[in-house]
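Below are the chains, spelled out letter by letter.
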Amino acid sequence: MHGLDRGAAKPPPYQYAAIAAVTHLARPNGTRFRMTAHIHGWLLLLPAAVLLVTFTHYPAVATIIDSFFSTPRGQQTAAFVGLDNYQAMLDDPVFWRALGNNIVYTASVVPLTVALALLMAIWINGKISGRPFLRMSFFTPTVLPMIAVANIWLFFYSPGYGLIDQVFGLFGFTTHNWLGNEHTALACLIVVAIWKDAGFFMIFYLAALQQMSPQLAEAAALEGASRWYFFRRVTFPLLAPTTLFVLINAIINSFRLIDHIVVMTRGGPDNTTALLLFYIYEVGFKFWDTAYAATLTVVLLALLAVLAIGQFVFLDRRIHYQ
Amino acid sequence: MNPVHQASPLAAALETAGAWVLALLWVLPLTYALWAAIHPSAYSAHFVLTAPLTVENFVKAWNAAPFARYFLNTFLLVTMILAAQLVLCTLAAYAFARFDFYGRDIVFLLVLLQLMIMPDVLIIENYRTMGALGVVDTIPAIGLPYMASAFGIFLLRQTFKTVPRELDEAARVEGAGPLQVLLKVYVPLARPIYIAYGLVSVSYHWNNFLWPLIITNSVSTRPLTVGLQIFASSDQGIDWSVITAATLMTSAPLLISFLLFQRQFVQSFMRAGIR
């Protein structure tokens, strides 16, 4: 049964194609096929969607809602308190401290990690001698748990006894409590984070470098370009999408990974190593002030959202999710 | 670096030296830990070649905490997460790659959101949810937030999209339903990606710490990382030799398999990294 009146005058030939398309769409069989695509698609997606909504989208929204309520304690249920939690946060010196620490930490860890990762990748991609050893030593920290890494470095830093103090001792320096000192503790953690992650991000650069055409280098050599010039004008610009990807992931890691802080300093001394997520963890699971912890989480989510939007705007032109 | 650029021999030598110094710095912490673990405590910070070797530190560590149980817990956890991820991500990726359903693009963006806002930062609300579900202090509770992995969905979707439509249609003509096509055509073709994703997932969850620390509080659920931390922070008289032995022991399975299958590891991580 076609949707056209058979008694009508014959349409001019150029309309045939259009009519064919319309009648094809209107065929019950065609409609059913399209319907099943919708149903199959959603059925396939459903299990993952349920878990994603439950453990990512719902908690993100609930965090925001909870930040406007008080923490339920005992018989007392949560009451709407408006912006009280935010006011408390603005007046909380530890929050500012943690946020400041996190900014210093991110601003140090990210550029150093990315620069080292690029350097490592260029070395390993080249013809340097001992490449297998280099690759192994750079990448090994990646497969270790951060918690193990932190324990090893804790030993490294231990005053008087650890390797660092022993080396310094050879030069006549006195023992130094690296992690117990307000001025050095955060730097010590920064070193650990760089050591752990540089080899991981090296992999992304290595993958990108291996996809680059060797003819580029040959052409540049014919033109007499120096290696530094070639790197600056060809390699580095071509690696820009990788750099952006690595940068964003390194920034996320600097807000997400606090295992080493739990092991090495517990935020001390005097909160000089408390990062934002560590403070959230303390407020939420030591002081059990869940509403205030949710308020702090909102700040963290806002920072990550800014990052997400930034990436979206930046990457949209370069990487096509096709 | 490339074959054609000829740097001066001196510069090349300096560069090689730089790379080696960095590499040695990079292995130093681990070698140091290994030294402390296989020598008696008296030698843990005293480096002489005649220091006697011992396995006693490992024995002490093994007996001081229920590490066998922790190993079992981590093994169960990692297996459970990987199995769930493989099934869930495969189905979802197939939907995104080959089905034209209502709201596909917006839903895909919502999935990608998890790449930014990972479960690691939603600890407060997820703990509450686990409480409501009555699963606090169970192994599935450690894994649940990670099972629908945006990274896995994204990776597999990219792979499935490269499968030629003709293969898909040929299978359908022969009467295969959507699930059969998935299992017979798509999954076998994506094998290298599955291996890559599996390695990345296993090393991530073997090493994960904060969420397991929060959600577990008994020996029968704690994974290795949490067990190690409790062991190391409780009063061991700060015997570094024993602590480093325990540290190496908990990392050993991943570390040893990495050292044995280095090339595959690096290749897999690279494959997972290219998008």
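Residues numbered from 1 in each chain as written. Chains lettered and ligands numbered in written order. Predicted model: local features only at pLDDT ≥ 70, side-chain atom pairs only at ≥ 80, totals over all residues. Heavy atoms only, no water.

### Description of the overall build of chain A
Of regular secondary structure, chain A possesses 14 helices and zero strands. Ordering the α and β elements of chain A from the N terminus gives α-α-α-α-α-α-α-α-α-α-α-α-α-α. Put simply, of all contacts in chain A between residues at least 6 apart along the chain, 66% involve residues at least 24 apart. (Helix = DSSP H or I, 4+ residues; strand = E, 2+ residues; numbered from the N terminus. Contact = heavy atoms within 4.5 Å.)

### Some remarks on the overall build of chain B
Looking only at helices and strands, chain B has 14 helices and zero strands in total. Moving toward the C terminus, one meets the helices and strands of chain B in the order α-α-α-α-α-α-α-α-α-α-α-α-α-α. The burial tally for chain B puts 53% of its 275 residues in the buried class. Taking all contacts inside chain B whose residues are at least 6 apart in sequence as the whole, residues at least 24 apart take part in 72%. Of the accessible surface of chain B, which amounts to about 11900 Å², a share of 69% is contributed by carbon and sulfur atoms. (Buried < 20%, exposed > 50% of the residue type's maximum accessible area, 1.4 Å probe, protein only. Areas by Shrake-Rupley, 256 points an atom, 1.4 Å probe, with all protein chains shown as cover.)

### Structural notes on the environment of Gln180 of chain B
Residues and elements named next belong to chain B. Within the secondary structure, Gln180 sits in helix 9 (residues 178-189). On the basis of relative accessibility, which here comes to 41%, the residue Gln180 falls in the partly exposed class. At a separation of 3.0 Å, a polar atom in the side chain of Gln180 contacts the main-chain amide nitrogen of Gly177. (Polar contact = N/O pair within 3.5 Å; in protein donor to acceptor, adjacent residues only side chain to side chain.)

### Structural notes on the interface of chain A and chain B
Facing the 105 residues of chain A at the interface are 97 residues of chain B. Between chain A and chain B the total buried area reaches about 9400 Å² when both faces are included, carbon and sulfur atoms providing 76% of it. At the surface where chain A touches chain B, the tally comes to two salt bridges. Our count for the chain A to chain B interface comes out at eleven residue pairs in polar contact (both at pLDDT 80 or more). If one sorts the elements of the side of chain A that touches chain B by residue count, helix 2 (residues 28-66) of chain A sits on top with 21 residues. Partitioned by chemical class, the residues of the side of chain A that touches chain B number 71 nonpolar, 26 polar and eight charged. (Buried area = accessible area lost by both parts, 1.4 Å probe. Salt bridge = Lys/Arg side-chain N within 4 Å of Asp/Glu carboxyl O. Nonpolar A, V, L, I, M, F, W, Y, C, P; charged D, E, K, R; others polar.)

### Quick notes on unusual backbone geometry
Look at Trp288 of chain A: it is not a glycine, yet its phi comes out positive at around 50°. Looking at where Trp288 of chain A falls in the secondary structure, it is placed in the loop between helix 13 (276-285) and helix 14 (290-318). Looking at Trp288 of chain A, the relative accessible area reads 42%, which means it is partly exposed. The backbone of Asp137 of chain B sits at a positive phi, close to 65°, despite the residue not being glycine. Looking at Asp137 of chain B, the relative accessible area reads 18%, which means it is buried.

### Topic: the packing of aromatic side chains
Residue and element names in this part refer to chain A. Enumeration according to the criterion identifies 35 aromatic pairs over all chains in this entry. Aromatic pair Phe200 and Phe204: ring centres 5.2 Å apart, planes at 85°, arrangement edge-to-face. Here Phe204 and Phe200 lie together in helix 8 (residues 185-210), a separation of four residues that amounts to about one turn. Using a relative accessible area of 22% as the deciding quantity, one classes Phe200 as partly exposed. Measuring from ring centre to ring centre gives 5.8 Å for Phe231 and Phe236, while their planes differ by 45°; the resulting arrangement is tilted. (Phe/Tyr/Trp six-rings, centres within 6.5 Å; stacked < 30°, edge-to-face > 60°.)

### Details of the packing of helix 4 (residues 104-116) of chain B against helix 7 (residues 150-161) of chain B
A pair of packed helices is characterised by two quantities: the angle between their axes and the separation of those axes. Residue and element names in this part refer to chain B. Running from N to C, helix 4 and helix 7 cross one another at 125°; their axes reach a closest spacing of 8 Å. With respect to their mutual orientation, helix 4 and helix 7 come out oblique. When helix 4 is examined against helix 7, the residues Phe108, Val111, Leu112, Gln114 and Leu115 are found in contact with a partner set consisting of Ala150, Phe151, Ile153, Phe154 and Arg157. (Axes fitted to C-alpha atoms, helices over the stretch in contact; angles between N-to-C directions. Parallel < 35°, antiparallel > 145°, perpendicular 65-115°, else oblique.)

### Considerations on the pattern of salt bridges
One pass over the full model with this rule turns up seven salt bridges over all chains. The network of salt bridges with common partners includes Asp66 of chain A together with Glu125 and Arg128 of chain B.

### Things to note about the side chain of Asn253 of chain A
Looking at where Asn253 of chain A falls in the secondary structure, it is placed in helix 11 (residues 240-256). Beyond its immediate sequence surroundings of up to four residues, Asn253 of chain A is in contact with Asp197 and Phe201 of chain A.

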